[in-house]
Amino acid sequence: MSLKPDHDIDITGEVCPMTFVRTKLRLERMQPGEVLAVRLRGDEPLRNVPRAARDEGHAILGIEADGDIHIVTIRRA
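This text gives an overview of the structure that appears in the document.

## Some remarks on helix 2 (residues 43–55)
Over its 13 residues, helix 2 extends 18 Å from the first C-alpha to the last, a length consistent with the 18 Å expected when each residue adds 1.5 Å. Within the sequence span of helix 2, burial applies to Pro-45, Asn-48, Val-49, Pro-50, Ala-52 and Ala-53. Where helix 2 is buried, its residues contact helix 1 (18–28), strand 2 (35–41), strand 3 (59–66) and strand 4 (69–75). Positive backbone phi, at 95 degrees, marks Gly-57, one or two positions downstream of helix 2.

Shown next as structure tokens:
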């Protein structure tokens, strides 16, 4: 992805619901319009983190696979 995130967080060691809790806390410390790259592992976080971020009004800019890890790019609302 050509977009350079303003912030990144690695939650590959976390399990739900902590995956979104950590992501939400990070997003809350960011300015509107800033971009966060979230590294996560597993099907449940891959479903829940983007859905929960969208539910809070944030934009999902992309989801990239990197082996068994995914990088979800989120623009803060």
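Once the structure has been displayed, the description carries forward.
## Brief notes about the pairing of strand 1 (residues 7–10)
Residue alternation in strand 1 divides its side chains into a buried set, His-7 and Ile-9, and an unburied set, Asp-8 and Asp-10. Summarising the sheet, strand 1 and strand 2 pair through four bridges and their orientation is parallel. Within strand 2, the residue paired with Asp-8 across the bridge is Ala-37. As a crossover connection, the stretch from strand 1 through helix 1 into strand 2 is right-handed.

## A closer look at the nonpolar core
Counting 13 residues, the largest nonpolar core has Ile-11, Leu-36, Val-38, Leu-40, Val-49 and Ile-74 as the members making the most contacts within it. When residues no more than four places from it in sequence are discounted, the contact partners of Leu-36 are Pro-5, His-7, Asp-8, Ile-9, Thr-23, Arg-26, Leu-27, Met-30, Val-72, Thr-73 and Ile-74.

## Details of the pattern of salt bridges
This model, assessed by the stated rule, comprises six salt bridges. A salt bridge links Lys-24 to Glu-28, with the shortest nitrogen-to-oxygen separation between them at 3.5 Å. With Lys-24 and Glu-28 both in helix 1, this residue pair falls four residues apart, about one helical turn. Residue Arg-41 pairs with Asp-68 through a salt bridge whose shortest N-O separation is 3.2 Å. Pair noted here: Arg-41 is in strand 2 and Asp-68 is in the loop between strand 3 and strand 4, with a separation of 27 residues, a long-range link.

## Some remarks on the environment of Gly-13
On the secondary structure map, Gly-13 appears in the loop between strand 1 and helix 1. Through-space distance from the C-alpha of Gly-13 to that of Arg-41 is 7.7 Å; in sequence the pair is 28 residues apart.

## Points about the side chain of Thr-12
With respect to the element layout, Thr-12 can be found in the loop between strand 1 and helix 1. Within the structure, the side chain of Thr-12 is placed 2.6 Å from the side chain of Asp-10, a separation counted as a polar contact. Each residue touching Thr-12, except ones within four places of it in the same chain, is listed here: Arg-39, Leu-40, Arg-41 and Ile-69.

Rules behind the numbers
- Residues numbered from 1 in each chain as written.
- Predicted model: local features only at pLDDT ≥ 70, side-chain atom pairs only at ≥ 80, totals over all residues.
- Heavy atoms only, no water.
- Helix = DSSP H or I, 4+ residues; strand = E, 2+ residues; numbered from the N terminus.
- Expected span 1.5 Å × (residues − 1).
- Buried < 20%, exposed > 50% of the residue type's maximum accessible area, 1.4 Å probe, protein only.
- Contact = heavy atoms within 4.5 Å.
- Pairing = 2+ DSSP bridges.
- Right-handed = clockwise from strand over helix to strand, strands pointing away.
- Core = buried A, V, L, I, M, F, W, Y, C linked by side-chain atoms within 4.5 Å.
- Salt bridge = Lys/Arg side-chain N within 4 Å of Asp/Glu carboxyl O.
- Polar contact = N/O pair within 3.5 Å; in protein donor to acceptor, adjacent residues only side chain to side chain.

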